[in-house]
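Structure assessment
Residues per chain are reported as follows:
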Amino acid sequence: MEGLWKRIRFFAVPIALAAFCAPGGAARAQDSEPLEVHITQVDASAFPTVRIYLSVTDSAGEPAPVDLERIRLYENGTLIQPDSVEAIGESAPLTTMLVMDISGSMNYAGKMESAKAAAIAYVNQMRKGDEAGLISFDTEITYVQPTTKDREALKAAIESLRTGSDTAMYDAVYEGIELLQAISGRKAIIVLTDGMDNRSKHSAEEVLARIGPEGLSISTIGLGDTSEQAGGYAGIDETALQYLARQAGGTYGFASDPDSLRRLYELYGRALQSEYVITYTSPAALRDGLNRSLSVQLAEDIPSLPGESQFNPGGLVPEVPASPSYNWSLFLSLLAALMAMLLAPMGIQWAAARIHSAGKPAKAASSAKAAAPKIKLSEAKKTPRVKLK
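Presented here is an overview of the structure given in this document.

Concerning a nonpolar patch on the surface
Taken together, the side chains of Leu335, Leu338, Met339, Leu342, Leu343 and Met346 present a nonpolar region at the surface, about 580 Å² in accessible area. With respect to the helices and strands, the residue methionine 339 is situated in helix α9 (residues 327-359). For methionine 339, a relative accessible area of 40% corresponds to the partly exposed category.

Things to note about the pairing of strand β9 (residues 186-193)
With eight of its eight residues buried, β9 lies for the most part within the structure. By the bridge criterion, seven bridges tie strand β6 (residues 94-101) to β9 in an arrangement that is parallel. What sits directly across from methionine 100, in β9, is leucine 192. Where β9 meets strand β10 (residues 217-223), six bridges bridge the pair, whose relative direction is parallel. Within β10, the residue paired with leucine 192 across the bridge is isoleucine 221. Between the parallel elements β9 and β10, the chain passes through helix α6 (residues 204-210) in a crossover that is right-handed.

Brief notes about the layout of surface pockets
Roughly 860 Å³ of volume is contained in the largest pocket. Gln247, Ala248, Gly249, Ser309 and Gln310 are, among the 31 residues lining the largest pocket, the residues nearest its centre. Elements with a contribution of two residues or more to the lining of the largest pocket: β1 (35-43), α6, α7 (238-247), β11 (249-255) and β15 (307-311). In terms of residue count, β1 provides more of the lining of the largest pocket than any other element does, six residues in total. Each residue belonging to the lining of the largest pocket can be placed in one class, and the counts come to 14 nonpolar, 15 polar and two charged.

A closer look at the packing of helix α3 (residues 111-124) against helix α8 (residues 258-273)
For the pair α3 and α8, interaxial distance at closest approach is 8 Å and the crossing angle is 25°. Here α3 is positioned roughly parallel relative to α8, judged by the angle of their axes. Two packed elements cross with a definite hand, and for α3 against α8 that hand is right-handed. On α8, the residues that touch Ser114, Ala115, Ala118, Ala119, Ala121 and Tyr122 of α3 are Pro258, Leu261, Arg262, Tyr265, Glu266, Tyr268, Gly269 and Leu272. For the contact of α3 with α8, the residue count by class is ten nonpolar, two polar and two charged.

Observations concerning unusual backbone geometry
Cis geometry is adopted by the peptide bond preceding proline 48, which originates at phenylalanine 47 and carries an omega value of 15°. Inspection of the secondary structure assignment puts proline 48 in the loop between β1 and β2 (49-57). Although it is not a glycine, asparagine 76 sits at a positive phi angle of roughly 50°. Its location among the elements puts asparagine 76 in the loop between β3 (71-75) and β4 (78-80). Unlike most non-glycine residues, alanine 109 shows phi in positive territory, near 55°. When its relative accessible area of 78% is taken as the criterion, alanine 109 is described as exposed.

Observations regarding empty space enclosed by the protein
Inspection of every chain in the model, using the stated rule, returns two cavities of 30 Å³ or more. Computed from the structure, the largest cavity encloses a volume of approximately 60 Å³. If you go around the largest cavity, the residues you meet are Leu94, Thr96, Tyr122, Gln125, Met126, Asp130, Glu131, Ala132, Gly269 and Gln273. Those elements giving two or more residues to the lining of the largest cavity turn out to be β6, β7 (131-137) and α8. Its residues assigned to classes, the lining of the largest cavity comprises four nonpolar, four polar and two charged. Space inside the second largest cavity adds up to approximately 40 Å³. Lining the second largest cavity, in full, are Ile177, Leu180, Gln181, Lys187, Ile211, Gly212, Gly215 and Leu216. In terms of residue class, the lining of the second largest cavity is made up of four nonpolar, three polar and one charged.

Examining the sheet that holds strand β12 (residues 276-281)
The strands that make up a sheet pair up through hydrogen bonds in the backbone, lying either parallel or antiparallel. If you walk across this open sheet you meet the five strands as β5-β12-β2-β1-β14, and the pairing is mixed. The sheet terminates laterally at β5 (84-87) and β14 (304-305), the two strands that pair on one side only. As paired elements, β5 and β12 share four bridges and run antiparallel to each other. What sits directly across from valine 85, in β12, is isoleucine 278.

Quick look at the packing of aromatic side chains
Tallying each qualifying case throughout the model produces two aromatic pairs. With centroids separated by 6.1 Å and ring planes inclined at 55°, the aromatic side chains of phenylalanine 47 and phenylalanine 311 adopt a geometry described as tilted. With a gap of 264 residues between them, phenylalanine 47 in the loop between β1 and β2 and phenylalanine 311 in strand β15 connect regions that are remote in the sequence. Residue phenylalanine 47 is classed as buried on the basis of its relative accessible area of 7%. Phenylalanine 311 sits in the buried class, given a relative accessible area of 7%.

Observations concerning the nonpolar core
The nonpolar side chains of a soluble globular protein tend to be buried, and buried together. Formed by 30 residues in total, the largest nonpolar core has its most connected members in Leu98, Met100, Ile190, Leu192, Ile221, Leu261 and Tyr265. Of all the secondary-structure elements, those providing two or more residues to this core are β6, α3, β7, α4 (151-159), β9, β10 and α8. Take this core: its biggest share by element is seven residues, from α3. Excluding its chain neighbours within four sequence positions, the residues that come into contact with methionine 100 are Ala115, Lys116, Ala119, Leu134, Ile135, Ser136, Phe137, Leu161, Leu192 and Tyr265. Listed in part, the 23 residues of the second largest apolar core include Val99, Val173, Ile177 and Leu216.

Conventions and cut-offs
- Residues numbered from 1 in each chain as written.
- Predicted model: local features only at pLDDT ≥ 70, side-chain atom pairs only at ≥ 80, totals over all residues.
- Heavy atoms only, no water.
- Patch = residues over 30% accessible without salt bridge, like charges linked within 9 Å, V, L, I, M, F, W, Y side chains within 5 Å.
- Areas by Shrake-Rupley, 256 points an atom, 1.4 Å probe, with all protein chains shown as cover.
- Salt bridge = Lys/Arg side-chain N within 4 Å of Asp/Glu carboxyl O.
- Helix = DSSP H or I, 4+ residues; strand = E, 2+ residues; numbered from the N terminus.
- Buried < 20%, exposed > 50% of the residue type's maximum accessible area, 1.4 Å probe, protein only.
- Pairing = 2+ DSSP bridges.
- Right-handed = clockwise from strand over helix to strand, strands pointing away.
- 1 Å grid on protein atoms, 1.4 Å probe; cavity = no way out; pocket = protein on both sides within 12 Å on 5 of 7 lines; lining within 4 Å.
- Points joined across faces, edges and corners; volume = space filled by probe spheres on them.
- Nonpolar A, V, L, I, M, F, W, Y, C, P; charged D, E, K, R; others polar.
- Axes fitted to C-alpha atoms, helices over the stretch in contact; angles between N-to-C directions.
- Parallel < 35°, antiparallel > 145°, perpendicular 65-115°, else oblique.
- Left-handed = near helix turned anticlockwise from the far one by under 90°.
- Contact = heavy atoms within 4.5 Å.
- Phe/Tyr/Trp six-rings, centres within 6.5 Å; stacked < 30°, edge-to-face > 60°.
- Core = buried A, V, L, I, M, F, W, Y, C linked by side-chain atoms within 4.5 Å.

Next up, the structure:
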């Protein structure tokens, strides 16, 4: 018996150590932090076919690999069987619009140079098929570099930035959405600002409403010191930045120094490049103008926080199910009802006139005779002249 126990220990101890030390082994199993699922973009432009982009990250915001078969999608609470679920990888290029604050406050504490270095770090990790563009903003919005795959052109555009005056962040983001409308696929805006928006004509709600049916995500970065009072050179409006990112499928990050700023840009890049895309056909295929709620979560045995979002299929005039058996009859019935509504006032007026004339025939005729004008011919000019007597 003692010899058997020795043999068990001989094999069991190394196996236990290996499981504990291996990545994803016992050490990871004891980690109680759940994974976070984020729906980053909903593309309903080809409705009823819908494409959902999502990221799965750990508590530090790093991408976390998952088994595609463990992803669950719900529309309006109903479990959906997707047409496909795949990791984006190199197959789905990413288009990013970098929106950078160049207001006067960026000239303090080396912020502008730190922002340039961080944005260049983002460009350096772009994949072969990815594109990016650059918008700068103070009181004016400047489209510094159209979207391109040319990294050197992007880095030169970033290096050319110079500081200006006040801040119009929402207007810059609104312009970024406009510029990305014609581009299909995965699209993201990354906004860097160090101050309070004090010059925009657009509001956060108008920015969010401008996102079209293809969708995109907006991530924000606050650079500065949250202890500063609003309006100070280092003050940032974290509440506004968090709200914008949360509503647009992005994330918010705070940076207080060059290193943390660069790490944020690089982290955003890794997360965007490690997303998944679900393609499915909506079971409610009519463009009825009603919002559809979406929920993506991992299988029950994986601790995770679900991602939530919604989309609207559009449709100013709600569609009805196509059915040859009654479509024409329904159409003709509606047409007849409409014609009856249009003709009813005329019929009522005609009937009232008939009743009135039937009740007073003599007076009506006399009045008509008295009101009739007399026409006499002028002897001199032989032309008709109307004289009313």
